[in-house]
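# Chain and residue survey
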Amino acid sequence: MAEQSLKLKNMKNKDLSRKILLKSKIKLRKKIEPYFYLIPTFIIFTLFVFYPFIKTIIMSMSTTNIRGQIKDFIGLENFKEILTSPEFYNSIFVTFKFVLIVAAPSVIIGFLLALLANNKLKGSRIYELMFSLPMAIASAPAAIIWTMIFHPTNGVLNHLLGTQIGWLTNSKFALISVAIVTIWLNIGLNFIFLLTGLRNIPNELMESAAIDGANYLTKVKNIIIPMVSPQMFLVVFMNLINAFQAFGQIKLLTQGGPGDSTNVLVHSIYREAFFNGRFEMACAQALILFVIMMIVILLQFKFEKKGVHYQ
Amino acid sequence: MNKSKRNKLILTILSIFVGLLITFPLLYALSLSFMDQGEMTKYPHKIIPSRLTLENFKTALNTVPLLKFIANSFIVSICVTVGQVITASLAAYAFAFYDFKGKKLLFLMVLSTMMMPTETTVISNFLTVSSWGWNDSLKVLIVPFLTSAMGVFLMRQFYLTIPKEIREASKIDGCGNLKFLFKILIPISKPAIASLSIYVFINTWNQYLWPLLTINNGNNRTVQIGISMLQYSEGSSYSVVLAGAILILIPSILIFILGQKQLVKGMTAGAVKG
């Protein structure tokens, strides 16, 4: 009798311990399961973002051979060389000029287009599509098309203006011309984001302003701009980042010329690495670009607290 | 009533006019691509051809293997799109539905990849794939792009809007985690997947710098690099190059037009919430 009850107890215990084991197995599985889902993403990011970023930092402080293999550690020598070369300051100057003449008009034009398209009318789908279409265009075909538009003798631009300007070959106009192409590529995205913001403004707000007799410009200034400031913030942010990184159209339209007048930092990095084979200098310049962009982004976020109005 | 009607008409006409102004470069290129080569070089310069010809398109297709490039671009874009949808859905699933150690840090790491400009990684990446002997293959254009912070972020934002009750109910019905992901979550997140797909496809199709660096062999070029072959090949006039540009623009423009609504919804979803 006693033996049997002991056996039974034993069995129960076994059962219980198995249950506990199973439960803790499930618990463990639940604990590690989310990490499984992250594996693919983190393998790719580790191989192609985190590792190369660290390698870029190491390379920027080394000398490399023509095949990009690291030879000696030389500390900050590369940065010293860059910071004392006039070409670098030219690149920085051109980059800031480019960012300014691209980002500001892109945002303003995008905003004006959004204001224009704000009222849903007949055919609004068609012109909304027309306003945003350039964002689907790649830099290569864009460069081909605009090369034709800018053509000194056959181009439609000179034809319309009655001029004979070498838009891409005259160092006075080259940067502006490349900027125009970049603005054209950018406005679609700005338009879409700002239009979404505009259409989210509660109708009552606009109506009450209309009752108060506010004219259109006051409405824009006092209601629309504060209300779309979150989207505006995002759009400015994206445009700054994009403008700092513009490459394809510059490479294809001017190759950084004439006379380095369009040699923005990104183009200069490309040239150092893949024409001059000076990978370590290119890496150092890339890191300088990274720091500059970070500073600009941080400044913008600081401004956000003051200027952006969240509902 | 009459006045507001007239205002609306004026506004519509103005909008269409501005729309034509913005799309002018495309319409101009389209028009010239149908123009006779002789007419193209004539002075004064014409904008609209007096006679339409398909000669430029034929020459473009015969001068460089443009169709092969288009096929390459399609393969690469589709692989990257499918890959990103899968990896981003999985990662977003973990971030939206689980609590685990280091979740915040890992999510920050994902977002931090958005802050690093391509230039800070592209040189090392180029050296890496060269040392693997991956250059001139299509996989070099696909593998590095099989995930993206944008994708993870977009999918996560969408998952966060899904009521927790759905997850609970499916659990009670004995639905396992993976089953829940594939049988319930992915089907209801079709709108987010659609907008991510359109975004990734167009971006991959339009990629320039990476294929420029890694593909030097004629056969595996993508459209964006292949098109410059046309520019530099002997005897191809500008109308032929424009015809080639039009040909490689068609897929991305078509997808943009068809998917514009989805794309706009998905991209601006995060922006509206602020």
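Residues numbered from 1 in each chain as written. Chains lettered and ligands numbered in written order. Predicted model: local features only at pLDDT ≥ 70, side-chain atom pairs only at ≥ 80, totals over all residues. Heavy atoms only, no water.

## Some points on the side chain of B:Asn125
Note that B:Asn125 resides in helix H6 (residues 119-131). A relative accessible area of 7% means that B:Asn125 is categorised as buried. Once residues lying within four places of it in the same chain are set aside, the contact partners of B:Asn125 are A:Leu47, A:Phe48, A:Pro52 and B:Trp210. (Helix = DSSP H or I, 4+ residues; strand = E, 2+ residues; numbered from the N terminus. Buried < 20%, exposed > 50% of the residue type's maximum accessible area, 1.4 Å probe, protein only. Contact = heavy atoms within 4.5 Å.)

## As for the interface of chain A and chain B
Counting residues at the interface gives 85 residues for chain A, matched by 91 residues for chain B. Summed over both sides, the interface between chain A and chain B buries roughly 7,900 Å², with carbon and sulfur atoms accounting for 78% of that surface. Of all residues in chain A, A:Tyr37, A:Phe48 and A:Ile144 give up the largest surface area on contact with chain B, accounting jointly for 10% of the area buried on that side. At the boundary of chain A and chain B, one finds 0 salt bridges. One can count 13 residue pairs in polar contact (both at pLDDT 80 or more) joining chain A with chain B. A total of 21 residues in the side of chain A that touches chain B trace back to one element, the largest contributor, which is helix H1 (residues 2-60) of chain A. Residue composition of the side of chain A that touches chain B, grouped by class: 61 nonpolar, 16 polar and 8 charged. (Buried area = accessible area lost by both parts, 1.4 Å probe. Salt bridge = Lys/Arg side-chain N within 4 Å of Asp/Glu carboxyl O. Polar contact = N/O pair within 3.5 Å; in protein donor to acceptor, adjacent residues only side chain to side chain. Nonpolar A, V, L, I, M, F, W, Y, C, P; charged D, E, K, R; others polar.)

## Here's the deal with the packing of helix H5 (residues 139-150) of chain A against helix H1 (residues 2-33) of chain B
In contact at an axis separation of 10 Å, H5(A) and H1(B) are set at 85° when each is read in the N-to-C sense. The orientation of H5(A) relative to H1(B) falls into the category roughly perpendicular. On H1(B), the residues that touch A:Ile145, A:Trp146, A:Met148 and A:Ile149 of H5(A) are B:Pro25, B:Leu26, B:Tyr28, B:Ala29 and B:Leu32. Split into classes, the residues belonging to the contact of H5(A) with H1(B) amount to 9 nonpolar, no polar and no charged. (Axes fitted to C-alpha atoms, helices over the stretch in contact; angles between N-to-C directions. Parallel < 35°, antiparallel > 145°, perpendicular 65-115°, else oblique.)

## Digging into the packing of aromatic side chains
Counted by the stated rule, this structure contains 37 aromatic pairs over all chains. Centroid distance B:Phe74 to B:Phe201: 5.8 Å. Interplanar angle 55°. Geometry classified as tilted. Residue B:Phe74 is found in helix H4 (residues 66-97), and its partner B:Phe201 is found in helix H11 (residues 190-205); the two are separated by 127 residues along the sequence. By relative accessible area, which is 8% here, B:Phe201 ends up buried. Geometrically, the ring pair formed by B:Phe95 and B:Phe107 is edge-to-face, given 5.0 Å between the ring centres and 65° between the ring planes. On the criterion of sequence distance, the pair formed by B:Phe95 in helix H4 and B:Phe107 in helix H5 (residues 103-115) is long-range, its members being 12 residues apart. For the pair shown, B:Phe95 and B:Phe107 are each scored as buried. Of the aromatic side chains, those joined through ring pairs into one cluster are A:Phe247, A:Tyr270, A:Phe274, A:Phe275, A:Phe279, B:Phe126 and B:Tyr208. Geometry around B:Phe180 places B:Arg167 over its ring, the cationic atom sitting 4.4 Å from the centre. (Phe/Tyr/Trp six-rings, centres within 6.5 Å; stacked < 30°, edge-to-face > 60°. Lys NZ or Arg CZ within 6 Å of the ring centre and 35° of its normal.)

## Considering the side chain of A:Lys219
Residues and elements named next belong to chain A. For Lys-219, the location among the structural elements is in helix H9 (residues 216-227). Glu-207 provides the closest opposite charge to the buried, salt-bridge-free Lys-219, at an N-O distance of 9.4 Å. Filtering out sequence-adjacent residues up to four positions away, Lys-219 remains in contact with Met-206, Ala-209, Ala-210, Ala-214 and Ile-224. (Lys, Arg positive; Asp, Glu negative; His and termini not counted.)

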